[in-house]
Amino acid sequence: MPHISSFDRNQSFFFCIDDFIEPDNSVRIIDAFVDSLNLEELGFVTFDSSSPGQQPYSRFALLKLLLYGYTKGIRSSRKLADACSDSISFMWLVNGISPSKSCICDFVKVNETAIQNTFKLFVRFLLFADFIDAKIDVIDGTKIRAQNSRNKYFSIKKIDNTISYFNSQIKHFTSLLKDAQSDAASDPDAAISFNEKISNYKQKIEEFSNLKKKLNDNNLSQITLTDPDSRMMTSHGNSDISYNMQTSVDSKNSLIVTSDVVSDINDTNQLENMLSKSADVLGRVPDNTVADMGYFNTEQIDNCENLGSNVFVKQPKSKNSTNNSDFSIDKFSYDAKRNIYTCPAGKQLKFVRKLSKKKNKSDDKPSIIGYEYFCSDCAGCPYLHDCTSSVNGRRVTRNAYQDTIDRVQKRFEENPEMYTIRKSVVEHPFGTIKRSLGFTYFLRRGLNAVRTEASLICLAYDIKRLANISNIDDIKKKLEEFFLHFRYFFQYLFLFFKKIINSKNEFMIFLIYLF
């Protein structure tokens, strides 16, 4: 039967391992990028070659191994260690070294901040090379499972139900114990067994009561024992112990600009956080910020607008107590000069009072959150029961940031294509991360460790995406230009100021003042 011919595996060959690595393999991007880094400046723990004892593996090689493993969907330190001897591309990248699983794991553990800085530097390269333009910044979040079993998760309700079950078991075995003690023919060992079970259940009740007290003392609604930073979260109707992974994606090529991982079960308080992180990495505030309805938070939107970005967040539909949409607050007109509202029936609602509340327990004074308006002419209105369930008349609240919200809503209505852009831009990275790379759960525990893992995931995605949208040789050239640009820039600054300041002492004082 005819078939494609192959070579004899026992035949000797003279070859270079580089011949087996395709020119367009993303491994070449990682090799060029990592070789250009100054690991000490990024915060990596490095070692002096003159130090006594066994010499460590190259930090460059370990970082390359980690990044390439993530682009291939490999995160486990065991699998990465195996790949160093199983895969030609891994062998090529790390120059044939075979680090142990514990060596790889420890490298990540002691360099968490440095790995996060590496991701930030790569994003700055993307901006330099014009792969991102900071015109439209799309923010979204996804739930990723944590390393915590459901059996190690407890809420107040779950604890109460468990204690109730233990009490019922104690009652059950107490009844059996009494029957065994009253029956002379019963096995004496049975009474001992019942006593042990009753004692065990009482001990468990004490443990769960202490756990409930801990929750109440710390004002917590739930606790996870294996990974205390994780929380029970719901996504698409399914609940699991998870983290909320946030990303900010540039619209030009769907490349991730920044990431964060939080324990918040929703996205309400993440808009300003993610915009600030994007601005920090890019060195400028993105022109436009787009997010879904889950990010609608009036105070956060106002803060983002004040930072200088045009916010596009869809406003949830307004409701009233009767669920009649014809009399929801968005159907009321506001007269800023007279400071009154006019209802759909033509009646006026006048200002009554300011509404204030402490936003945080640590606040000294409450902050104004809104303004209340009341209609005193509702008694004879034929639409009273359609408008409100109150017999006293209709009251409406104007948000403290309503002027900003109205401006954002008008901008959103004038640019409906922004919401279409959001769907096409931000869902691409999450689809690749979860479906293609298989990163549906975190391996590490603790918020900072998980943030490091998220940075590696996003950096791996950006590298894979970059290899698909540009030529490898062009990317390597731009990497050289990027690192040479910054090196020469800072060298020029140093020589320039040194020439201006002739005195050495004055120059040192200037440097101290500068930094």
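Owing to the predicted nature of the structure, the values given are computational and were not obtained by experimental measurement.

1. Re the packing of helix H11 (residues 298-307) against helix H13 (residues 402-414)
In the contact formed by H11 and H13, the axes pass within 10 Å of each other and the chain directions differ by 75 degrees. Viewed along their axes, H11 and H13 adopt a mutual orientation that is roughly perpendicular. Seen from H11, the contacting residues are Thr-298, Ile-301, Asp-302 and Glu-305; seen from H13, they are Thr-404, Ile-405, Arg-407, Val-408 and Arg-411. Of the residues assigned to the contact of H11 with H13, the class counts are three nonpolar, two polar and four charged.

2. Looking at the packing of helix H7 (residues 112-128) against helix H10 (residues 271-282)
In the contact formed by H7 and H10, the axes pass within 9 Å of each other and the chain directions differ by 70 degrees. Here H7 lies roughly perpendicular to H10, going by the angle between them. Contacts from Lys-120, Val-123, Arg-124 and Leu-127 in H7 reach Asp-280, Val-281 and Leu-282 in H10. Looking at the contact of H7 with H10 residue by residue, the classes come out as four nonpolar, no polar and three charged.

3. Quick notes on the pairing of strand E7 (residues 288-291)
Here E7 shows two buried faces, one formed by Asn-288 and Val-290 and the other by Thr-289 and Ala-291. Bridge analysis of strand E1 (residues 136-145) against E7 gives three bridges, and the strand direction is parallel. Within the sheet, the bridge partner assigned to Ile-136 lies in E7 and is Asn-288. The pairing of E7 with strand E8 (residues 310-313) spans four bridges and is classified as parallel. Along E8, the bridge assignment pairs Val-290 with Phe-312. The parallel pair E7 and E8 is bridged by H11, and the resulting crossover is right-handed.

4. Considerations on the packing of aromatic side chains
Enumeration according to the criterion identifies 23 aromatic pairs in this entry. Ring centres 6.0 Å apart and planes at 55 degrees place the aromatic pair Tyr-165 and Phe-166 in the tilted group. On the basis of relative accessibility, which here comes to 44%, the residue Tyr-165 falls in the partly exposed class. Summarising the aromatic geometry, the rings of Phe-482 and Phe-483 are spaced 5.0 Å apart at their centres and angled 75 degrees between planes, so their arrangement reads as edge-to-face. For the residue pair Phe-482 and Phe-483, the accessibility class agrees, reading buried in each case.

5. Examining empty space enclosed by the protein
Within this structure, the stated rule accounts for one cavity of 30 Å³ or more. As a volume, the largest cavity reaches approximately 80 Å³. Lining the largest cavity are 13 residues, and of these Cys-343, Cys-378, Cys-381, Cys-387 and Arg-394 sit closest to its centre.

6. Quick look at the environment of Arg-445
With respect to the helices and strands, the residue Arg-445 is situated in the loop between helix H14 (417-436) and helix H15 (447-469). Looking at Arg-445, the relative accessible area reads 52%, which means it is exposed. If we skip the residues at most four places from it in the chain, Arg-445 touches Gln-147, Thr-226, Asp-227 and Val-450.

7. What about the confidence of the model for the protein?
When pLDDT is averaged along the protein, the result is 87; 91% of the residues meet or exceed 70. Mean pLDDT per element in the protein: helix H17 (residues 504-514) is the minimum at 49, and strand E6 (residues 255-262) is the maximum at 96.

8. Some remarks on the layout of surface pockets
In this structure, the largest pocket occupies an estimated 600 Å³ of space. Taken together, 26 residues make up the lining of the largest pocket; nearest its centre are Gln-315, Ser-318, Ile-329, Asp-330 and Gln-402. Only strand E9 (333-335), strand E13 (395-399) and H13 provide two or more residues apiece to the lining of the largest pocket. For the lining of the largest pocket, the element with the most residues is H13, which contributes six residues.

9. Let's talk about the pairing of strand E4 (residues 231-235)
For a regular strand, side chains alternate in direction, first toward one face of the sheet and then toward the other. Bridging between E4 and strand E5 (residues 238-250) involves five bridges; their strand directions are antiparallel. The residue of E5 that forms the bridge with Arg-231 is Ser-242. Linking E4 back to E5 in an antiparallel pair, the connection comprises two residues, with His-236 at a positive phi of about 55 degrees.

What counts and what doesn't
- Residues numbered from 1 in each chain as written.
- Predicted model: local features only at pLDDT ≥ 70, side-chain atom pairs only at ≥ 80, totals over all residues.
- Heavy atoms only, no water.
- Axes fitted to C-alpha atoms, helices over the stretch in contact; angles between N-to-C directions.
- Helix = DSSP H or I, 4+ residues; strand = E, 2+ residues; numbered from the N terminus.
- Parallel < 35°, antiparallel > 145°, perpendicular 65-115°, else oblique.
- Contact = heavy atoms within 4.5 Å.
- Nonpolar A, V, L, I, M, F, W, Y, C, P; charged D, E, K, R; others polar.
- Buried < 20%, exposed > 50% of the residue type's maximum accessible area, 1.4 Å probe, protein only.
- Pairing = 2+ DSSP bridges.
- Right-handed = clockwise from strand over helix to strand, strands pointing away.
- Phe/Tyr/Trp six-rings, centres within 6.5 Å; stacked < 30°, edge-to-face > 60°.
- 1 Å grid on protein atoms, 1.4 Å probe; cavity = no way out; pocket = protein on both sides within 12 Å on 5 of 7 lines; lining within 4 Å.
- Points joined across faces, edges and corners; volume = space filled by probe spheres on them.
- pLDDT = per-residue confidence, 0-100.

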